[in-house]
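Per-entry structural report
What follows is the residue order along each chain.
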Amino acid sequence: MKTKFISLSLLIATLGFTGCKTTTASNPALMKLASADITAQQLLGGKIGSQIASAEEPTEIRANDKKSRMSSVDQRAYRSWKKANRS
Amino acid sequence: MNRVNRIVTLFCIGAVSCLAATLPDADELASDFKLLDPDESKSIYAEEWDQHAFALFQAADANGNQQLEGVEIDFDSETEDTFSRADINRDGKLDIDEFMQLRRTLFTIADINRGDFINEVEYTIFRLLEIVGWEDHNHNNRINFSELRESMAKVHQHADFDDSGDLSAEEASFLNAADFERATADGPLNAQALYALFRFHLAGT
């Protein structure tokens, strides 16, 4: 009984530890951004956002837009969104 | 009496400090600009803006359901209104497309001289107007120079804590030292001088 309990505890601890490690390692840059305080102003543009006249069609993302080397973004997820947005 | 004066002085200094925290200072602006300009080209292109917006969305989406909900945003009345208008399908949430569309609109507003990128001066103006508001008389979601003049008057009024009509270096901490020197070369930093500084940077005149 005692052995089963210890095994179960070890299993739970291992799963929990592995889960945490996976989340952190999958995208450390994104986690770093997530840990910062993201304010509503940052997201929605503060008083500029509140004074936008009306909804606009999104400006098309041009093929010749400068490529960014920003490393703090999950590039794969972003490209996936961009591809879906174009189709 | 001396003690009262000291208390009043300390209160005023504290109030000025609080005010200074309201508008971002030059160092903060420079450091935030760098975050959006990782290749240090001194320009934020639409692609860079979009990538940063995407990262913001992912970071704010606490439960990872690819939608921003009210509980994930620390609303005030202004941002709640923006959220509602950006929520095109009226489901009470912002999905990634709605959010990116809003951020692209903000990009076009920030791109005052229509160069298809945001330079450091435009970024500074954008950040200041996020706090004090802007003028868009013709409702085209663009800032022309006439509207910029009025918007800069708002910034000036907001920063002019002692209501002197001129900004001290401390009140104008959103300017770097070189710009403050340039703006005050011919006299005190009044609203017109502040507008003239930004116009010079944007249009060269």
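Residues numbered from 1 in each chain as written. Chains lettered and ligands numbered in written order. Predicted model: local features only at pLDDT ≥ 70, side-chain atom pairs only at ≥ 80, totals over all residues.

1. Looking at the overall build of chain A
Within chain A one finds 5 helices and 0 strands. Listing each helix as α and each strand as β along chain A from the N terminus yields α-α-α-α-α. Expressed as a percentage of its 87 residues, the buried residues of chain A come to 14%. (Helix = DSSP H or I, 4+ residues; strand = E, 2+ residues; numbered from the N terminus. Buried ≥ 20, exposed ≤ 12 C-beta atoms within 10 Å, placed from the backbone.)

2. A few points about the overall build of chain B
Along chain B, the regular secondary structure elements total 9 helices and 4 strands. When the helices and strands of chain B are read in sequence order from the N terminus, they spell out α-α-β-α-β-α-β-α-β-α-α-α-α. The buried share of chain B, reckoned over its 205 residues, is 36%. A separation of at least 24 residues holds for 55% of the contacts in chain B among residues at least 6 apart in sequence. (Contact = placed C-beta atoms within 7 Å.)

3. What about the environment of Leu202(B)?
Among the structural elements, Leu202(B) can be located in helix α9 (residues 191-203). Apart from the residues within four sequence positions on either side, Leu202(B) is in contact with Ile112(B), Asn113(B) and Val121(B).

4. Side note on the nonpolar core
Counting residues in each nonpolar core, the largest one holds 54 residues, and the members touching the most others are Leu56(B), Ala60(B) and Leu194(B). When residues in this core are grouped by element, the largest group, 9 residues, is from helix α3 (residues 46-60) of chain B. Those residues within four positions of Leu56(B) in sequence are excluded, and the remaining contacts are Ile38(A), Gln42(A) and Leu43(A). (Core = buried A, V, L, I, M, F, W, Y, C linked by C-beta atoms within 7 Å.)

5. A look at unusual backbone geometry
If a residue is not glycine, its phi is most likely negative; likewise, a peptide bond is most likely trans. Residues and elements named next belong to chain B. Of note, the phi angle at aspartate 116 is positive, near 65°, even though the residue is not glycine. Counting through the fold element by element, aspartate 116 comes out in the loop between α5 (96-110) and β4 (117-118). Exposure remark for aspartate 116: the 16 C-beta atoms within 10 Å place this residue in the partly exposed category. In the Ramachandran plot, asparagine 141 falls in the positive-phi region, its phi being about 55° despite a non-glycine side chain. Within the secondary structure, asparagine 141 sits in the loop between α6 (120-132) and α7 (145-159). Taking the C-beta count within 10 Å as the criterion, asparagine 141 has 16 such neighbours and is therefore assigned partly exposed.

6. Looking at the confidence of the model for chain A
All names here are of chain A. Overall, the prediction assigns chain A a mean pLDDT of 60, with 33% of residues at 70 or greater. Ranking the elements of chain A by mean pLDDT puts helix α2 (residues 28-35) last with 40 and helix α4 (residues 46-50) first with 92. Scored below 50 in pLDDT, residues 55-72 makes 38 contacts in the model with residues more than four places away or belonging to other chains. (pLDDT = per-residue confidence, 0-100.)

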